[in-house]
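# Descriptive structure summary
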Amino acid sequence: MSTDDLPETFHVTTDEQLRAVSNLTRHRIMAVLRFEPATITQIAQRVGLAKGSSSYHVRLLERAGLVKVVRTRKVRGVNERYYAMAARSIVLPDPGEGGPDLLMRHAVADLEAAPQDGGRHVRMAHLRLTDEQFAELGARLHALADEYRELSDPSLPDASLVFALFHPTSREQAEGDAK
């Protein structure tokens, strides 16, 4: 099975699934499996883990339904399993008021771990938009991400795109919460 045959989305709905994606190491394993299947040995090498640790984390992801075995082959009498993501993208539940946004935490951790000279484009812009402009910008960002995901070539180096378009807490609301 190639990644082209995967369902478009996987919705995280259970506590077990949420715990599985909450771990930064498992997040990085899923990033390895994003474009092509890999064995435990390949995952361990790419993430920089021992094979035993990789195997443990992959088993947790598999049990949660986030990754699956897509093919096996016999190597020196041992069945070698190739794992892939269960879907092209994962949809996380809304963190709820005051809850940590898991996706953003992982994105910041990945950004902090990325080489300084590896080419970065980081920007924060404060905007004042109508509801219609806000919705249009959100749709355009999603479309742009989808367009470039379709252009992705597994033979090229990985690049991550993360965006967050949101209405921050108003100053009055933040002051009221602090009292």
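Residues numbered from 1 in each chain as written. Predicted model: local features only at pLDDT ≥ 70, side-chain atom pairs only at ≥ 80, totals over all residues. Heavy atoms only, no water.

### Details of the confidence of the model for the chain
Regions with low pLDDT should not have their predicted coordinates read in detail. Here is the rule: Residue-level confidence of the predictor is what pLDDT reports, using numbers from 0 through 100. Think of it this way: any DSSP run of H or I at least four residues long counts as a helix, any run of E at least two long counts as a strand, and we number them from the N terminus.
Per-chain confidence: the chain averages 83 in pLDDT, with 89% of residues scoring 70 or above. Put simply, helix H7 (residues 171-178) is where the chain has its lowest mean pLDDT, 55, and helix H4 (residues 51-63) is where it has its highest, 95.

### Some remarks on a nonpolar patch on the surface
In plain terms, the rule: Exposure above 30% relative accessible area and no salt bridge define the residues that can form patches, which grow by joining like charges within 9 Å and nonpolar side chains of Val, Leu, Ile, Met, Phe, Trp and Tyr within 5 Å. Values of accessible area rely on a 1.4 Å probe in the Shrake-Rupley scheme; residue burial ignores everything except the protein chains shown. We count a salt bridge whenever a side-chain nitrogen from Lys or Arg sits within 4 Å of a carboxyl oxygen from Asp or Glu.
Together, Leu144, Tyr148 and Leu151 line one region of the surface with nonpolar side chains, adding up to about 340 Å² of accessible area. By the secondary structure assignment, Leu144 is in helix H6 (residues 131-151).

### Section: unusual backbone geometry
Positive phi, normally seen in glycine, also occurs at Arg76, with a value near 50°. For Arg76, the position within the fold is in the loop between strand S2 (67-75) and strand S3 (78-85).

### Let's talk about the pattern of salt bridges
Heads up, the rule is: Burial classes: relative accessible area under 20% of the type maximum marks a residue as buried, over 50% as exposed, and values in between as partly exposed (1.4 Å probe, protein chains only).
All told, the structure shown has 8 salt bridges when counted by the stated rule. For Glu8, the salt bridge is made with Arg88, and the minimal N-O distance between the two is 3.5 Å. Taken together, the residues span a long stretch of sequence, with Glu8 in the segment before strand S1 (9-11) and Arg88 in the loop between S3 and strand S4 (89-91) at a distance of 80 residues. On the basis of relative accessible area, Glu8 is assigned to the partly exposed category, the value being 40%. Accessibility expressed as a relative area gives 26% for Arg88, which makes it partly exposed. Measuring nitrogen to oxygen at the nearest pair gives 3.0 Å for the salt bridge that ties Arg28 to Asp110.

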